[in-house]
Structure formats: structure tokens, C-alpha cells
Amino acid sequence: MRKPLVAGNWKMNGLQDTNHHLLELLKKEGIENIGEPVEIVVCPPFIYLAYIKHLLEGSNMKWGAQNVSHHSAGAYTGEISPYMLADLGCHFVIVGHSERRTLYGETNGIVAKKFVAAQQANLTPILCVGESLREREEGITERIVKEQLDDIFLHTDIHAFNKAVIAYEPIWAIGTGHTATPDQAQEVHGFIRNYLSEQDPEIAEELRILYGGSVKGDNAAELFAMPDIDGGLVGGASLEAKDFLTICQAAS
Ligand code: PEP
């Protein structure tokens, strides 16, 4: 039985005061009443992780990071190691977000190294995969997603997916307001699960696959109702307490 997961990717937004206010609002609106049925995570910018840890300890919300180095320590100016994230109580880290891939040149190979490094530090990577609009129009969505997964298998094997989450995030849906329809999303989620199940049906069955791309309070329920959609990776709407709460409730 897969436990739904909703992860908020705050991206490069918020300051100490606004972060505090957002979390207070979520608590006031009743996020803690959701309890165990949904795993809820927020991923603030690195610099606020220690503060968020302080605010969230003892609540039903976990915290994670938006990126990580694939090195464990050393002369890598400006980078953050997976062990540092674990040291701050992070459970999750997003790897391979499309903004990292397109704006910072992260290749499938780099993403795969980050995935493995995160697991070595006992973090659960949330591996983002997804196609661009051009790739969808060319009809090569499955090929692109398959390639993104295959690079992981150059560095590790299917057992790595015992402790990982995949987020299918079509690039054309991220931050655009153009959500994939539940059928469009389910088609790719089903493909991912089937593809991994060729290697290990049990691991594929237990793996959580999130949908990301303009998930909002008013479309989350229909997306999460699809059989292979196990929650969401939420950008913009995770900064709005009411919207994020509605999304978490939809996942429960
Ligand atoms: C994201 O950043 O992962 C994302 C899905 O953003 P948005 O919800 O704003 O489309």
C-alpha cells in the first residue's frame, strides 16, 4: 500500500518572516489534523533549512532540500553535501528538477550521481523526470522518460527504488498553469511503473510516483484519484497555505 506524499518545492522564494508565517498559517488552517495518512514535506531554500527544522520539529511536516551535490565533502565551493542535509534532519531531496536541468545544465548522468549520493547519506531522492513541449509534440515522451531513468541504472540497480520517489513533471506544465489532464499524467505514470516492473514488480508496485506541474487546490483531487498517481510535487501552490492544505487533504 503506497502512502501518498505531497512535497512543496518553494524554489527560490520566501524570507525568514514569510516562511514562518506560511508554516504558522498551515498549522492554523489545520494541516496537523491530516495526521498520518499523507506524508507532507516542504523543501525551502538551503539557507533556511535549519530554521525550518526548528519550526517543524514535532509536527507532521517533514523538510527536504531542492538540490544536492553528488560529492560528500571537499573543495566544492558553494555546494551542499547530502551528509549536511541529513545532519539537518532532511528526509528528502529533489534531484533533477527540470529547472536544474535546463538552467544549470544538469545532465541525466549528473542527476544519477546525485540520486546515488543522496541515498548513500540515507536521504530519499525525489527524482524528477519529464518531457518538454516539443518532445511531447514529437510523440517521444516515453523515450525521454525512459532515458532519464536508464541513466540511474548505469550507477545503481532497481533496488535503489526501494528508497526513492519519482516525480513525473512535464516541463510544459511547470509554473505555466497548463496542468496535464489526469489521463495524460496517468498514461506516463503507468508507463513508468510498468517499465520498472519489468525489473522488479514488487519494487515498482511500492514505488511512489508523484505528479508535478501546476497542481492546485482545484485540480489535485482528480489527479490524485488516478491509480498510479501517489501525490504531488507542488511549486507555486505550496507557497499559498490554503491551496497547499487543500492539496494535502486531496491526497488523504
Ligand atoms: C515544481 O516546481 O516542481 C512545480 C511543479 O511547479 P508548479 O507547481 O508551480 O508548476
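Scroll up for the structure.
This one's a predicted model, so the numbers in the text were calculated from it and none came from an experiment.

A.B. asks: Describe in detail the sheet that holds strand β8 (residues 231-234), supporting the description with residues and values.
C.D. replies: Within the closed barrel, the eight strands sit side by side as β1-β2-β3-β4-β5-β6-β7-β8. Their pairing is parallel. Strand-to-strand twist of the sheet, defined as the mean angle between neighbouring strand axes without regard to direction, takes the value 25 degrees. Here strand β5 (residues 124-129) pairs with strand β6 (residues 165-168) via four bridges, running parallel. Residue V129 lies in a different strand from β6, and its bridge partner there is Y168. The strands touched by helix α7 (residues 141-155) are β5 and β6; relative to β5, the strand with the most contacts, the crossing angle is about 150 degrees.

A.B. asks: For the pattern of salt bridges, give the residues involved together with the corresponding values.
C.D. replies: Within this structure, the stated rule accounts for 15 salt bridges. Its salt-bridge partner being K242, residue E29 comes within 3.8 Å of it at the nearest N-O pair. Taken together, the residues E29 in helix α1 (residues 16-29) and K242 in helix α11 (residues 241-251) connect sequence positions 213 residues apart. The exposure class assigned to E29 is partly exposed, which follows from its relative accessible area of 31%.

A.B. asks: If you had to explain the pairing of strand β2 (residues 39-43) to someone new, which residues and values would you point to?
C.D. replies: Most of β2 sits inside the fold, with five of its five residues counted as buried. The side-chain alternation of β2 yields two buried faces, one formed by E39, V41 and C43 and the other by I40 and V42. In this structure, strand β1 (residues 5-9) lies alongside β2, joined through five bridges in parallel fashion. Residue pairing in the sheet places G8 in a bridge with V42 of β2. In terms of handedness, the path from β1 via α1 over to β2 forms a crossover that is right-handed. Pairing geometry for β2 and strand β3 (residues 61-65), over three bridges, is parallel. The partner of I40 across the bridge, within β3, is M61. In this region the chain leaves β2, passes through helix α2 (residues 49-56) and returns to the parallel neighbour β3; the handedness of that crossover is right-handed.

A.B. asks: Just give me the short version of the nonpolar core, but keep the residues and values in it.
C.D. replies: With 69 residues, the main nonpolar core has F161, I192 and L196 as its most contacted residues. In contact with L196, other than residues within four places in its own chain, are L149, F153, I158, F161, I166, A204 and L207.

What counts, and at which threshold
Residues numbered from 1 in each chain as written. Predicted model: local features only at pLDDT ≥ 70, side-chain atom pairs only at ≥ 80, totals over all residues. Heavy atoms only, no water. Pairing = 2+ DSSP bridges. Helix = DSSP H or I, 4+ residues; strand = E, 2+ residues; numbered from the N terminus. Axes fitted to C-alpha atoms, helices over the stretch in contact; angles between N-to-C directions. Contact = heavy atoms within 4.5 Å. Salt bridge = Lys/Arg side-chain N within 4 Å of Asp/Glu carboxyl O. Buried < 20%, exposed > 50% of the residue type's maximum accessible area, 1.4 Å probe, protein only. Right-handed = clockwise from strand over helix to strand, strands pointing away. Core = buried A, V, L, I, M, F, W, Y, C linked by side-chain atoms within 4.5 Å.

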